[in-house]
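Read off the chains here:
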Amino acid sequence: MSLDKRHWIAALVGLSLLLTAAQLPKASSAITSTRPNVLIIVTDDQRGGLGVMPATRRWLEKGGTKFANDFVTTPLCCPSRSSIFTGRYAHNHHVLSNDGEGDNLIQQSTLQYYLQRAGYETALFGKYLNGWDISQPPPYFDRYAATTGSSLYSNGTWNVNGTVKTISEYNTTYVARKAQRFLRRAGAKHPPWFLYLATAAPHEPFTPEPKYAQAPISEWNGDPAVFEKDRSDKPPYVRKRHAGLAYGQQVREAQFRTLKSVDDLVSKVFKTLSDLGEDQNTLVFFLSDNGLMWGEHGLKHKGVPYEQSIRVPFLVRWPGHVLAHATDDRIVANIDIAPTVLEAAGVTPDPAYPIDGRTLLGATSHRQRLLTEHFSPVNRTGGKWEDWASIRTSAYKYTEYYQADRTTVKFREYYDLQTDPWELNNLLGDTDPANDPDVAALSQQLAHDRACEGTVGPTACP
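In this convention, every chain numbers its residues from 1, walking through the sequence in written order. A pLDDT threshold of at least 70 governs which residues receive local features in this predicted model, and a stricter bar of 80 or more applies before side-chain atom pairs are shown or counted, although totals over entire chains, interfaces and linings include all residues. In computing side-chain values, all of the structure's heavy atoms are included and hydrogens and water are not.

(A) Expanded view of the sheet that holds strand β14 (residues 409–416). Pairing between two strands is assigned when DSSP locates at least 2 bridges connecting them. Counting from the N terminus, the helices are the DSSP runs of H or I reaching at least four residues and the strands are the DSSP runs of E reaching at least two. As summarised here, the arrangement of the 4 strands in space is β11-β12-β13-β14, forming an open sheet in which the pairing is antiparallel. Edge strands, defined here as strands with exactly one partner in the open sheet, are β11 (370–374) and β14. Along the sheet, successive strands turn relative to each other by an average axial angle of 15°, direction set aside. As defined by bridge partners, strand β13 (residues 396–402) adjoins β14 across 7 bridges and the pair is classed as antiparallel. What sits directly across from Y398, in β14, is Y414. Here helix α12 (residues 439–450) sits on the sheet and contacts β11, β12 (387–392), β13 and β14; the angle it forms with β13, its principal contact strand, is near 75°. As a rule, the C-alpha atoms of each element are fitted with a line to give its axis, helices using only the stretch in contact, and angles between N-to-C directions run from 0 to 180 degrees. Contacts between residues were defined by any pair of non-hydrogen atoms, one from each residue, lying within 4.5 Å.

Written as structure tokens, this is what we have:
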């Protein structure tokens, strides 16, 4: 039901429509007959930071819906980006790590494949998949300037429409310029288009654009998880880590300076859309591939099940179809982007590759729980990388860590998120068995979810 129809019905029956929480109306036949353009902007390792991004907030937060319970299903670059492309959990798209596993992605299961076949002009500018052979084009993109790493903010190696070259220009500025050029070209041709932009920012080494090198950043004094002193209830790899407030402050400040350039990118792209008259019929997503620890629980990386690693900014804009200046409290994830885009575009995915995510168009996509999972690269042992999987609900988080066989449980965590949102007290690691949950039932549920596929039937994903 469209938003206009909702208002008509509300007026007819004399009821006022309460908009205390955002709800994305289901795509109607009118929507699918005037297919929207699609823009996805993906940052790298962004946690928070919208406070230094006024243009992003104006266009996407004020102009669209902000999701308050927003997650990535695998908090690592390559698997997360593959989930954005496919709407599938990592255990189904098989890109499990950053170690050159981009080749595992079934390209015929991706958004770019479906949309190109449906008549969309497709383009990618920025980071593609870690370990991808840069001499090869990213499949099913008509136009592209693709790079694979995040460590070079300038002088990186790119494949630009089939020519491999070094680009000296600052990464974010270059991506913005290529995006604007594509939009003007596509606007002149008038096809629907799909544009995927992926910046190096704010990934380490956190190199700011020169004009922002000394930009003032508000002070951050940490959070309760940064000051956690007793980590005896945490898994062994956590007990070995000792990052703290000073580390978190330094990284946060550096990341936020790079995000100022991302905000400039958003401003330039939306100005171009507005100038072309395409800002009203463009479905836009803004998110990051994963979060980052700023010293919480002594940790300084991603790839862990804690909130700061799996939570990301998640903003959606589509005037007339997505509520403006609204907040949605549903549990959503990166796997929900693909089904949302495909429904808006009126495209039916191949049933050979069942989509695990849920469309955000309509009020029926509420999920009670989400699976998050992480896989250790096969050529690494020990260190910070662990195999784990979690059930995450609004009330609790249950995590299992696995041996090398990815089956045998070696450690468990359970956090009551209602009373312990900072994950300080692992109820399975304290000395009080009376507060332990039903581990057998939780483990059984997690085993089901780790093997899930699609959204219907006995193997349905959460």
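Let us keep going from here.
(B) How the structure looks around the sheet that holds strand β1 (residues 37–43). Taken in spatial order, the 10 strands of this open sheet run β6-β5-β4-β3-β7-β1-β8-β9-β2-β10, and their pairing is mixed. The open sheet has two edge strands, β6 (163–167) and β10 (326–333), and neither has a second partner. Here the average twist between neighbouring strands, direction ignored, is 20°. Where β1 meets strand β7 (residues 193–198), 5 bridges bridge the pair, whose relative direction is parallel. Bridged to I41 within β7 is L197.

(C) The arrangement of unusual backbone geometry in detail. Residue A201 is joined to P202 through a cis peptide bond whose omega torsion reads 0°. Residue position: P202 is located in the loop between β7 and α8 (236–239). The backbone of H94 sits at a positive phi, close to 70°, despite the residue not being glycine. Structurally, the position occupied by H94 is in the loop between α5 (90–93) and α6 (111–117). If you check the backbone angles, Y140 has positive phi at about 65° while not being a glycine. Of the residues examined, Y140 reaches a relative accessible area of 25% and is grouped as partly exposed. Here's how the labels work: a residue is buried when its accessible area is under 20% of the maximum for its type, exposed when over 50%, partly exposed in between, all with a 1.4 Å probe on protein chains only.

(D) Broad picture of the side chain of T74. Residue placement: T74 occurs in the loop between β2 (65–71) and α4 (77–86). Classification of T74 as buried rests on a relative accessible area of 0%. Between N or O atoms, a polar contact is any pair within 3.5 Å; within protein, one atom must be a potential hydrogen donor and the other a potential acceptor, and residues adjacent in sequence are included only when both atoms are from side chains. Polar contacts involving the side chain of T74 include one to the main-chain carbonyl oxygen of E373, which spans 3.1 Å. When residues no more than four places from it in sequence are discounted, the contact partners of T74 are P79, S80, A90, D289, E373 and H374.

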